[in-house]
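Descriptive structure summary
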Protein chains: 2
Amino acid sequence: MDKFKFMILVATVAAFALVYFPTESEGQSYFRMPSPWTYVCKNGTCTKKLRSDSTVIQSLDTCRLRCGRFRAIWPRPTGDVELSRVVVPFKPQNLRILPVTAPTDRIRELLNRVVTDFQKNVLRMHPNHEEGGPNPFDKQYDNVIEGTVVQVQVVVDDPEERLTLETSEGYRIDIETQGNVVTAEVRGDTFFGARHGLETLSQLIAFDEQRDTVQIISAGAVIDRPLFAYRGLMLDTSRNFISMKAMKKLVDGMAYNKLNTLHWHITDSHSFPFYSQRVPQLTLYGAYTPEKIYFPEDIKDFVEYSRVRGVRVIPELDAPSHISGGWQGLERSNAVQPGPNTIQPAPVSVTSGGPMAVCVNAEPWNQFCSEPPCGQLNPVNEQTYLVLGKLYRDLLGVFDTDAFHMGGDDVNFNCWNSSKEITDFLSAQRRNRTEREFLQLWATFQRRAYVELVRAARGTELTPIVWASNLMVQENIENILDPERYIIQFRNSGRDRSLAAMLDKGYRIVFSNRDAWQFDCGFGDWMGEGRGSCGGYKTWQRVYDNNPLRVIAQLNTTEEIDLQPGQIIGGEASLWTEQVDEMGLEAKVWPRGAALAERLWANPFSSWRDAADRLIHHRERMVKRNINADRLQPEWCLQNQGRCSTN
Amino acid sequence: MDKFKFMILVATVAAFALVYFPTESEGQSYFRMPSPWTYVCKNGTCTKKLRSDSTVIQSLDTCRLRCGRFRAIWPRPTGDVELSRVVVPFKPQNLRILPVTAPTDRIRELLNRVVTDFQKNVLRMHPNHEEGGPNPFDKQYDNVIEGTVVQVQVVVDDPEERLTLETSEGYRIDIETQGNVVTAEVRGDTFFGARHGLETLSQLIAFDEQRDTVQIISAGAVIDRPLFAYRGLMLDTSRNFISMKAMKKLVDGMAYNKLNTLHWHITDSHSFPFYSQRVPQLTLYGAYTPEKIYFPEDIKDFVEYSRVRGVRVIPELDAPSHISGGWQGLERSNAVQPGPNTIQPAPVSVTSGGPMAVCVNAEPWNQFCSEPPCGQLNPVNEQTYLVLGKLYRDLLGVFDTDAFHMGGDDVNFNCWNSSKEITDFLSAQRRNRTEREFLQLWATFQRRAYVELVRAARGTELTPIVWASNLMVQENIENILDPERYIIQFRNSGRDRSLAAMLDKGYRIVFSNRDAWQFDCGFGDWMGEGRGSCGGYKTWQRVYDNNPLRVIAQLNTTEEIDLQPGQIIGGEASLWTEQVDEMGLEAKVWPRGAALAERLWANPFSSWRDAADRLIHHRERMVKRNINADRLQPEWCLQNQGRCSTN
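A brief report on the enclosed structure follows.

Calculation criteria
- Residue numbers run consecutively from 1 along every chain, following the written order of its sequence.
- Each chain is given a letter, starting from A, and each ligand a number, starting from 1, according to the order in which they appear as written.
- Restriction of local features to residues with pLDDT of at least 70 applies here, the model being predicted, together with a cutoff of 80 or more for giving and counting side-chain atom pairs; totals for whole chains, interfaces and linings are based on all residues.
- The side-chain quantities take in all heavy atoms of the structure and omit both hydrogens and water.
- Cavity: a set of points on a 1 Å grid over the protein atoms alone where a 1.4 Å probe fits but cannot get out. Pocket: an open set with protein on both sides within 12 Å along at least five of seven lines, its lining residues, like those of a cavity, having an atom within 4 Å of a point.
- Grid points are joined across faces, edges and corners, and a volume is the space filled by probe spheres set on the points.
- Amino acids outside the nonpolar list (Ala, Val, Leu, Ile, Met, Phe, Trp, Tyr, Cys, Pro) and the charged list (Asp, Glu, Lys, Arg) are all regarded as polar, and Gly is one of them.
- A pair of aromatic rings is counted whenever rings of Phe, Tyr or Trp (Trp by its six-membered ring) have centres within 6.5 Å, and the orientation is called stacked for planes under 30 degrees apart, edge-to-face for over 60 and tilted otherwise.
- Where helices and strands are cited, they refer to DSSP runs of H or I of at least four residues and of E of at least two residues respectively, numbered from the N terminus.
- Exposure classes here rest on a 1.4 Å probe applied to the protein chains alone. A residue is buried below 20% of its type maximum, exposed above 50%, and partly exposed in between.
- The least-squares superposition of copies is restricted to C-alpha atoms, and to residues with a pLDDT of at least 70 in both copies.
- Note on contacts: a residue pair is in contact if any heavy atoms of the two residues lie within 4.5 Å.
- The working definition used for a salt bridge is a side-chain nitrogen of Lys or Arg within 4 Å of a carboxyl oxygen of Asp or Glu.
- In this description, a disulfide is simply a cysteine sulfur pair whose atoms lie within 2.5 Å.
- When DSSP finds at least two bridges between two strands, those strands are taken to pair.
- Asp and Glu count as negative and Lys and Arg as positive, but His and the ends of the chain are not part of the count.
- Definition of a polar contact: a pair of N or O atoms within 3.5 Å, with one able to donate and the other able to accept a hydrogen when the atoms are protein atoms, and with sequence-neighbouring residues admitted only if both atoms are side-chain atoms.
- Here an angle of 0 to 180 degrees is reported between the N-to-C directions of two axes, which are lines fitted to C-alpha atoms, with helices fitted over the stretch in contact.
- Working definition: roughly parallel below 35 degrees, roughly antiparallel above 145 degrees, roughly perpendicular at 65 to 115 degrees, and oblique for all remaining angles.
- It is the rotation of the near helix from the far one that decides the hand of a crossing: anticlockwise by less than a right angle makes it left-handed, clockwise makes it right-handed.
- Buried area, as used here, totals the accessible surface that two parts lose on assembly, with accessibility defined by a 1.4 Å probe and the loss added over both.

Turning to the layout of surface pockets, a few remarks are in order. Residue and element names in this part refer to chain A. Considered as a void within the structure, the second largest pocket measures approximately 770 Å³ in volume. Along its surface, the second largest pocket is lined by 37 residues, and Glu371, Asp410, Arg491, Arg514 and Ser533 are the ones closest to its centre. The class makeup of the residues in the lining of the second largest pocket is 11 nonpolar, 16 polar and 10 charged.

Here it is, written out as structure tokens:
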């Protein structure tokens, strides 16, 4: 054998050895021994136990799949849950998705996209799974597992493509096993119900550590539908910009929890990141940087992404307060020299009513607004309505929703009172500068904004939502905001009796009481050294126990409150972003958003204690699915359920 | 031309068009216009201003580089800072690192690794930089920039490779520009000083938005050294496991802030993730899962990684309390059947002194320990010392440090009193069951653990550190813990007068008062629904203003405290991980860890208000360097410095 051939041989043997005998340290090989531990289901929880030699090892995930009334399902279903305790191991490669039954091509397309995510989430169960990596389950199993097939059949009859407040989101799942074929049928009242059903089905499958494969519950049925139609999160993208990528991950997390509404507080006084084709100057002056802008094509893509995940996106363009970013530059913008190859915006004509935005950046800010920088629209300038109309047109052109959030909070009369144009206007009309007159100014603004601008922009009716504020406790508020039409989002403390007045007038309410459902609290004061304006961190226990019906029942009012059916349309946790951007976003929303989700889906009588074990397990699932959910307890508590409690 | 050639031509033209005429929407092209904004330095802060047509646009980063006494340097230097306001643009490709001047090959190797990181951090300044991606600066510039060269010369004379409490970390930087060559010399007292110098030098370079390149200050000098020798973070990896990857990122963040000590609380009662070669059973029984283990080779690699970043790693093996994970399985382990190809551990012989761990998992836990699960070493069992000695040997074999943290906190006499073996031992010696006798048990344990085991394991002297506890307020504590030798880590409230007693006895102190420097507080009670054991979130303002010398001065004591020079060796923020794992880790540490770092590096008389603008700018730099630091304020405050304040 010549020298060259010999070297080839050596190299081949060496390569062979590297592949077939990977180096493993003594320490690592020690843990190839069977685990000394197993998990046992007892009183609905799974506990770690030292096993005796004869015991079969059961992993924690397997135990959770077979243990408790709701198994590993989050949020808990509201209808019948009858599930076998037998599980069937199978290879994810043998998951057969039968052609979906759908009334239209569009629904079929949407369902197929959900199914793709469903399959991805099964692969993510493997501890060695890497995002974008190969199938980690790709190795030999025994014959039984090789031969087992799981078929999934998805059925939808209703052609509804848009999630409205009336859309039914119910579904049922039926699973049966015959021979080595497991069949799971998911039947949704609508597309939205079916996607929730597939989410639940994914939670009836778990990784099997012993066999290094997955397993599914062999037989049973789940019947389920949400108790509240509006289950939301609010995200502010004005104080700090949040990229589309991060917003899509937020929607992923919502899908895993069957939350269905993203309320997007897109602009505020800090920045104006929305790109308006009709008034691009607002964006040029108002965006933090040219990289921090949402373009129409991004938004349309995001709305469609959210739809596939069962989430409607409701935009908010807050007015007349909480503006500034951009408006103050609007009138100057005619002077800007465009560079080569850029488009010259149509000039904005300035009328005699003074600037469109008043008390912009006014100091001392606390006399004119709730936080710096100040700014409020000028309601006596016709130009304001012209520009606002263009903005609504651009905004509603890219969103596909039956509701629109008009803001309406923190209207500061002192700001208007400090503007010469506005006080001159009042004088000319022989009106004085009382609170009553300023209220009238706001009423006129709000009516015109809705009737003349929003409705005209969309061309059809559209449900307006506004923030509750001290304006809403006016005696004759129903003459300004029609209770048949407006939804009010309540965000004061749950002990604030103004809630009773609004309920009494018949308004539909979105519950967002800040003492439980404001997720950005607890990180101190961003302007000084105190605790911040909304007190401490809202723990997941507090989030979970915030039952809207109980909050109302405990209001200290003299009169009885007669709730109309559906008057509480749901709830929403808010994430204002003074102290949040993409770095802390996910850990601040999850898993507390999951606690919110179960409250709004099932509104159980029971408290967080009954949900704790399922929640900390569900949190682990979210992490496997690439959601950066914060940790609630030592892993010891996950492995020794029911033992980490003060009571 | 034949058909095939024609198709090639078409494809080539199409590819060319895609590269040279990328599609850009109308909206995007609109923002190619020159920005209407610029930044102006005024009173040491940079403020956003609408520019007039003739003004040159200055970006925020450029403004920061030229504005204020300390420019963009964090933490602020303690010596002279004299820097030009002229900046020189250059291409990062033209950064020339001259051969380092080093006394040994080892120091040269270490310096070269620091230089690599330095260069990486310059590339990261570009907004289009992607981790692991190509050089984003790779395009044409004008001739002046093309020709400008920045030379960096690093000089170290001292051969010290290990960071001890005596190591000097000082450095000086001199920059000068001649023609189109900028020369920066970094001279370190030791390797550790030089690496801090390179960190500072990287902060004298900033991205130049207008020219799409970087720029450096043209001339000047910085002289700097830290005021405290111990500037630390403590990380608990027992309550929740933290991967080596996440720990390395933590060390990266420390390097950017010149923090120099990672105190690794590696084991506790919840889990035992350290792999001991001599007593592997502890790990087999005590690790959460086989994936959640630190092997010796991982640790050695981590210690070296940290050294390059100027960080010493001090391990803690807490004893005699805060044990359990693993110990309770140790005596059973002889019964475990190893699988094929695994190593049978040497049996552990069990002596008559009862189990090595007592009151393991005892309930109700609050009678026997500070949180579940309980567990404490049995000090009257000789086997305990044998096993502990093996553990210390394994542990100190992989760490390279002149200090070792022995724990010593939360020793619960009631736990020992509940163990028949221990009370029998006391009876046999005709000792009663008073607190005094239990204290004596602990004293014996601590003395033997240090003298017989730790010192023997290392073979040389090693500075022991222990947690302050109620044991340390004993009258004769100096007979148990020699003040010449022991360092005490103080973690009670800063108003706790026991601090005065410890200072009075002459102990050196690491400051970790929990009312300011415990980073995991504020996320509620992990065992119930309250606020948690350590109250609210410690804001960065609170962290920054926690000046150890002022805390001592404000202690309400009757006697005067005479501080010895160097008696306060430094401070440390702790991150206990009951409610932390990799998901929330970085946002909980940063940027508060940066506030800690400036306090410990420079200990300024001034408060957080003077540091705020620099800190929020520094936070942005950390984010660019891939650190998930939380957001402190709206971006509006970064762009409009000094305007977000209640005062």
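What follows picks up the thread again.
On to the packing of aromatic side chains, then. One pass over the full model with this rule turns up 41 aromatic pairs over all chains. Ring geometry for Trp540 of chain A against Tyr544 of chain A: centres 6.2 Å apart, planes inclined by 75°, an arrangement best described as edge-to-face. With Trp540 of chain A and Tyr544 of chain A both in helix α18 (residues 540–544), this residue pair falls 4 residues apart, about one helical turn. For the pair formed by Trp540 of chain A and Tyr544 of chain A, the shared burial category is buried. Ring centres 6.3 Å apart and planes at 20° place the aromatic pair Phe413 of chain B and Trp416 of chain B in the stacked group. Pair noted here: Phe413 of chain B and Trp416 of chain B are both in helix α12 (residues 413–417), with a separation of 3 residues, about one helical turn. Aromatic rings pair up to connect Phe241, Trp264, Tyr294, Phe302 and Phe399 of chain A into one cluster.

Right, let's get into the relation of the copies chain A and chain B. With an RMSD of 0.0 Å, the operation that places chain A on chain B is a rotation of 180° combined with a shift of 0.0 Å along the axis. Look at the turn and shift together and you get a two-fold axis relating the two. When the interface residues of chain A are mapped onto chain B, 100% of them are again interface residues, pointing to one common binding face.

Overall, the coordinates contain 88 salt bridges over all chains when judged by the stated rule. For Asp105 of chain B, the salt bridge identified is with Arg108 of chain B, shortest N-O distance 2.9 Å. Of the two residues, Asp105 of chain B and Arg108 of chain B both sit in helix α4 (residues 105–123), 3 residues apart, roughly one turn of that helix. Taking relative accessible area as the criterion, Arg108 of chain B reaches 31% and is therefore assigned partly exposed. Lys420 of chain B is the partner of Asp424 of chain B in a salt bridge, and the nearest nitrogen-oxygen pair spans 2.8 Å. In this pair, Asp424 of chain B and Lys420 of chain B both sit in helix α13 (residues 420–428), 4 residues apart, roughly one turn of the helix. Here the salt bridges do not stand alone but share partners, grouping Arg106, Glu109, Arg113, Glu161, Arg162, Glu304, Arg307 and Asp400 of chain A into one network.

Let's shift gears to the state of the cysteines. All names here are of chain B. What the rule picks out here adds up to 12 disulfides over all chains. The residue that forms a disulfide with Cys369 is Cys374, at a sulfur-sulfur distance of 2.0 Å. Its S-S torsion of approximately -70° makes the covalent link between Cys369 and Cys374 left-handed. The residue that forms a disulfide with Cys637 is Cys644, at a sulfur-sulfur distance of 2.1 Å. Measuring the twist about the S-S bond at about -85°, one finds the Cys637-Cys644 disulfide to be left-handed. Like Cys644, Cys637 is buried. For chain A, the disulfide bridges join cysteines in the arrangement 1-4, 2-3, 5-8, 6-7, 9-10, 11-12, where the cysteines are counted in sequence order.

Residue and element names in this part refer to chain B. The topology assignment puts Lys390 in helix α11 (residues 382–398). Distance from Lys390 to Leu453, taken between C-alpha atoms, is 8.4 Å for residues 63 residues apart in sequence. If we skip the residues at most four places from it in the chain, Lys390 touches Arg278 and Val279.

With that settled, consider the pairing of strand β1 (residues 37–42) of chain B. Regular strands place their side chains on alternate faces of the sheet. All names here are of chain B. Looking at chain direction, β1 and strand β2 (residues 45–50) are connected through 6 bridges and run antiparallel. Each bridged residue has a counterpart across the sheet, and for Thr38 the counterpart in β2 is Lys49. What sits between the antiparallel neighbours β1 and β2 is a turn of 2 residues, in which Asn43 has the positive phi angle 50°.

All names here are of chain B. Along the chain, Lys538 falls in the loop between α17 (514–517) and α18 (540–544). Asp515 provides the closest opposite charge to the buried, salt-bridge-free Lys538, at an N-O distance of 7.2 Å. Within the structure, the side chain of Lys538 is placed 3.0 Å from the backbone oxygen of Gly536, a separation counted as a polar contact.

Right, let's get into the packing of helix α11 (residues 382–398) of chain A against helix α14 (residues 435–458) of chain A. Residues and elements named next belong to chain A. Running from N to C, α11 and α14 cross one another at 40°; their axes reach a closest spacing of 9 Å. It follows that α11 is oblique to α14 by the angle criterion. Considering how the two elements wind past one another, α11 and α14 form a crossing that is right-handed. Across the interface between the two elements, Glu382, Tyr385, Leu388, Gly389, Tyr392, Arg393 and Leu396 from α11 touch Phe445, Arg448, Ala449, Leu453, Val454, Ala456, Ala457 and Arg458 from α14. Residue composition of the contact of α11 with α14, by class: 10 nonpolar, 1 polar and 4 charged.

Attention shifts here to the interface of chain A and chain B. Between chain A and chain B, the residue contacts involve 88 residues of the former and 88 residues of the latter. Counting each side, the surface lost to burial between chain A and chain B is near 7700 Å², with a carbon and sulfur contribution of 58%. At the boundary of chain A and chain B, one finds 10 salt bridges. Note that Arg631 of chain A is salt-bridged to Asp581 of chain B, the shortest N-O span being 3.1 Å. Contributing elements (two or more residues each) for the side of chain A that touches chain B: α2 (26–30), β2 (45–50), α8 (280–286), α20 (585–589), α22 (608–624) and α23 (635–639) of chain A. Here the side of chain A that touches chain B is composed, by residue class, of 40 nonpolar, 27 polar and 21 charged.

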